[in-house]
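# Examination of the molecular architecture
Residue strings, one per chain:
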Amino acid sequence: MAIAGPIPIAFEHVFPHGCYLVGEVEQVKDFTASTGGRTVFAKDKTTGELVWQVAVMDADPAAKLAQKTVAVKIIAPVQPVPPPSTPGLPITPVEFEGMTVTPYVHQTTGRLAYSLRARGMRAPRTVAQGKQTGAAGKEVAA
């Protein structure tokens, strides 16, 4: 099979309505390697970089309540910094760069599940960046 490992995917395909931070960036623990009082943090098997995790809420209005909040793991040598909060909003919109998805079968439910990873996060791009609206209200290249 030609597909081996994580599958590259665009942020817009995973979160077409965007997403919002609902948790802090935390370093992922390697529970297999940690023993007694010694904590070992997870490293990406391919790059050797540290693995971080953040909870986000999917802004898709059609998403089921149980599927609204998902974890995105970020592979980075240092702790990623969330984008600044938007004045007037109680939650922070975010976009992820270099996303991949890895399908797997959830051991408890036996259902198909997905692991989301990214190389970084940033504030969302606005429609105004690189695009203009034409007279008919449609986006045109700038």
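Residues take numbers from 1 onward in each chain, read along the sequence in its written order. pLDDT decides what is reported in this predicted model: residues at 70 or higher carry local features, side-chain atom pairs at 80 or more are listed and counted, and totals for whole chains, interfaces and linings draw on all residues regardless. Note that water and hydrogens are dropped before the side-chain values are worked out from all heavy atoms of the structure.

Our next topic: the confidence of the model for the protein chain. Keep in mind that low pLDDT regions are not for reading the predicted coordinates in detail. The predictor reports its confidence for every residue as pLDDT, a score running from 0 up to 100. Chain-level pLDDT for the protein chain is 86 on average; 88% of the residues reach the 70-or-more range. Counting contacts from residues 127-142, a segment whose pLDDT is below 50, to residues more than four positions away or on other chains yields 11 contacts. The contact rule is simple, with two residues in contact once any of their heavy atoms fall within 4.5 Å.

Below, the discussion takes up the pairing of strand 4 (residues 51-58). Looking at chain direction, strand 2 (residues 19-21) and strand 4 are connected through 3 bridges and run antiparallel. Residue pairing in the sheet places L21 in a bridge with V56 of strand 4. Looking at chain direction, strand 3 (residues 26-27) and strand 4 are connected through 2 bridges and run antiparallel. When the bridges of strand 4 are listed, E26 appears paired with Q53. Direction of pairing for strand 4 relative to strand 5 (residues 69-75): antiparallel, over a ladder of 7 bridges. Looking at strand 5, one finds that M57 is bridged to T69. A strand pair is defined by DSSP finding two or more bridges across the two strands. Strands are runs of DSSP state E lasting at least two residues, helices are runs of H or I lasting at least four, and both sets are numbered from the N terminus onward.

A separate point is the pattern of salt bridges. Criterion for a salt bridge: a side-chain nitrogen of Lys or Arg within 4 Å of a carboxyl oxygen of Asp or Glu. In this structure the tally under the stated criterion is 4 salt bridges. The closest approach of N and O atoms between D44 and R117, which form a salt bridge, is 2.9 Å. Separated by 73 residues along the polypeptide, D44 in the loop between strand 3 and strand 4 and R117 in strand 8 (residues 112-118) bring together distant segments of the chain. Partly exposed describes any residue whose relative accessible area lies between the buried limit of under 20% and the exposed limit of over 50%, with all areas from a 1.4 Å probe on protein chains only and scaled to the type maximum. On the basis of relative accessibility, which here comes to 23%, the residue R117 falls in the partly exposed class. With a shortest N-O distance of 2.8 Å, R119 and E49 are connected by a salt bridge. Residue R119 is located in the loop between strand 8 and strand 9 (120-122), and its partner E49 is located in the loop between strand 3 and strand 4; the two are separated by 70 residues in the primary sequence. Its relative accessible area of 44% is what places R119 among the partly exposed residues. A cluster of three or more residues bridged by salt bridges with shared partners is formed by E95, E97 and R122.

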